[in-house]
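For reference, the chains in residue letters:
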Amino acid sequence: MVIEVELHTQGLLFDRRPADVIVAVDVSERQHAERELRRRSQDLARSNADLEQFASVAAHDLQEPLRMIDGHLHVILNNHSQGLGPRARQHLAFVVDAAARLRDMVRGVLVYARVPAHAAAFAPVDSAAAAWEALGFLRHAVDQSGASVSIVDLPKVNADFNQLRQLFQNLIGNAIKFAGGARPEVALRAEPWTDGCWRFTVSDQGIGIPAHQRERVFGLFQRLDNQIDGCGIGLATCRRIVERHGGRIWIEDGDHGTTVTFTLPGPTVVAKQAHAAESGGDYRA
Ligand SMILES: Nc1ncnc2c1ncn2[C@@H]1O[C@H](COP(=O)(O)OP(=O)(O)O)[C@@H](O)[C@H]1O
Ligand SMILES: [Mg+2]
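Residues numbered from 1 in each chain as written. Chains lettered and ligands numbered in written order. Predicted model: local features only at pLDDT ≥ 70, side-chain atom pairs only at ≥ 80, totals over all residues. Heavy atoms only, no water.

**Focus: the site of ligand 1**
Filter applied, for reference: The nearness test applies per residue and asks whether one of its heavy atoms lies within 4 Å of the molecule or strand. Polar contacts, as used here, are pairs of N or O atoms within 3.5 Å; protein pairs need one atom able to donate a hydrogen and one able to accept it. Residues neighboring in sequence count only if both atoms are side-chain atoms. With residues, only the protein chains shown are counted as cover, and all accessible areas are computed by Shrake-Rupley using a 1.4 Å probe. Cavity: a set of points on a 1 Å grid over the protein atoms alone where a 1.4 Å probe fits but cannot get out. Pocket: an open set with protein on both sides within 12 Å along at least five of seven lines, its lining residues, like those of a cavity, having an atom within 4 Å of a point. In this description, a molecule resides in a pocket or cavity if more than half of its atoms sit within 2 Å of the grid points defining it. Numbering of helices and strands starts at the N terminus; helices are DSSP runs of H or I of at least 4 residues and strands are runs of E of at least 2. Amino acid classes used here: Ala, Val, Leu, Ile, Met, Phe, Trp, Tyr, Cys and Pro are nonpolar; Asp, Glu, Lys and Arg are charged; the rest, including Gly, are polar.
Around ligand 1, 19 residues are found, and the nearest of them are Lys177, Arg223, Cys231, Gly232 and Leu235. Note that an oxygen atom of ligand 1 is positioned 2.9 Å from one of the side-chain N or O atoms of Asn174. The contact in question runs from a nitrogen atom of ligand 1 to an N or O atom on the side chain of Asp204, over 2.9 Å. Burial of ligand 1 by the protein chains amounts to 96% of its free accessible area of 530 Å². When atom positions are compared with the pocket grids, ligand 1 is found to occupy the largest pocket. Among the secondary structure elements, those contributing two or more residues to the shell around ligand 1 are α5 (161-177) and α6 (234-244). Considering each element in turn, the shell around ligand 1 owes the most residues, three residues, to α5. Its residues assigned to classes, the shell around ligand 1 comprises nine nonpolar, seven polar and three charged.

Structure, rendered in C-alpha cells:
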C-alpha cells in the first residue's frame, strides 16, 4: 500500500541543542479526493459540451423540415382552403398553431444552447442602452398592453451586450405577459452590490409566482400556466446568461407581483481582473 505524506520541518532548540522536528501528515485521502474531484469536473465539462452541441445541432436541423411544413401550410391556406369544410379548416388552424409553437420552441432551444457558443468577449457596456434596446424589440407587446416601463439609473457593467439585451428582453417580456389583465407596470433598478458587482431588479405588479415554484421556473420548459403563450425557455436562458457572466439570478420573496433579481460584475471588476492577469495574480468577483 502506498501512503502519500506531506512533511513539515521546524528547527528548534532541544536541551539547548539544535534539533529538527519533522511532522509527517498522511494526505492520501485528501489527494485521492482532489483527484476524484478533478476527474468529475472534467467529465461534467465534457458532458455539458456534448449536450450543448447536441441541442444546437438538433435545433438547427429541425428548422429545415419546419420551414417546409410552414411553407406548404401557407400554400394550402392561401390557395386551397376555400374548398375545405369548416371542420377541416378548424383542424388546419390547429396545425398552423402547433407549427408556430414548434418553431418558437426550436428557436428558443437554439438561443439557449448557444449562450456559451455565441458569446462575445465581456466589455464595459451601458446596461441602460441594453435595456432600451430590449424595449425596442418588445415594442409590439408594450403597445398592445399599454405597459409602463421605468428604467432608472442603470450602471455600466462588464458584459456581453447582446446577451444583456436578451436577458432584459426575456424579463421585461415576462413582466408584461404575466400582468394578469391589468396594465403592466415594470420597474428596472440597480444598486451597488458586493465586490464591485451590481444587483439588478426587474419588478412587476402581475400575477406573481408562488414561493415553492420560484426555483422551478428556471428549469428548461417549466411553466406554471399553459393558458398563456410561451415555451418555458426564457428564464432558463436568463440563468445561463447571468451565470456565464459570473453572477446569480433568483426570484425575490414577496407577496405581490414578481421581482427577479440578478447580479453582474461592474467595470471595476474588469480593471482588477486585468491588473491580476498582468501581475500573474488571481482575482475572483
Ligand atoms: N414576471 C412573471 N410573473 C409571473 N410568472 C412568471 C413571470 N416570469 C415567469 N413566470 C412564470 O415562469 C414560467 C417560466 O418563464 P419563462 O421561462 O420565461 O417561460 P415562458 O415565458 O415561455 O412561459 C412562466 O411560464 C410563468 O409561469
Ligand atoms: Mg418568458
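**Quick word on the side chain of Gln163**
As for its placement among the helices and strands, Gln163 is situated in helix α5. For Gln163, the side chain forms a polar contact with the main-chain oxygen of Val115, separated by 2.7 Å.

**Here we look at the domain arrangement of the chain**
Where we set the bar: Start and end positions for the domains come from either an automated domain assignment or a database one. The contact criterion used is simple: two residues touch if any of their non-hydrogen atoms lie within 4.5 Å. Buried area is understood as the total, over both parts, of accessible area removed when two parts are fitted together, assessed with a 1.4 Å probe.
Assigned domains of the chain: these are domain 1 (33-113) and domain 2 (123-272). Distance between the C-alpha centres of domain 1 and domain 2: 25 Å. Contacts between the two partners involve eight residues from domain 1, matched on the other side by eight residues from domain 2. Interface area for domain 1 against domain 2, summed over the two sides, is near 730 Å², with a carbon-plus-sulfur share of 73%.

**Here's the deal with the pairing of strand β6 (residues 185-192)**
Rules: Two strands are counted as paired when DSSP detects at least two bridges linking them.
Two strands pair when backbone bridges link them, and strand β4 (residues 148-151) and β6 are joined in this way by four bridges, in the parallel orientation. When the sheet's bridge partners are listed, Ser150 is paired in β6 with Ala187. Pairing analysis gives seven bridges linking β6 to strand β7 (residues 197-204), with the strands arranged antiparallel. Paired with Ala190 across the strands is Phe200, a residue of β7. Counting the residues in the hairpin turn of β6 and β7 gives four residues, including Asp195, whose phi is positive at 55 degrees.

**Describing unusual backbone geometry**
For the record, the criterion: Summary of the burial criterion: residues with accessible area below 20% of their type's maximum are buried, those above 50% are exposed, and those between are partly exposed, where the area comes from a 1.4 Å probe applied to protein chains only.
The backbone of Arg16 shows a phi angle near 65 degrees, a positive value even though the residue is not glycine. Along the chain, Arg16 falls in the loop between β1 (5-14) and β2 (17-26). When its relative accessible area of 81% is taken as the criterion, Arg16 is described as exposed. Positive phi, close to 55 degrees, is recorded for Asp195, a residue that is not glycine. Assignment of secondary structure puts Asp195 in the loop between β6 and β7. In this structure Asp195 comes out as partly exposed when scored by relative accessible area, which is 48%.

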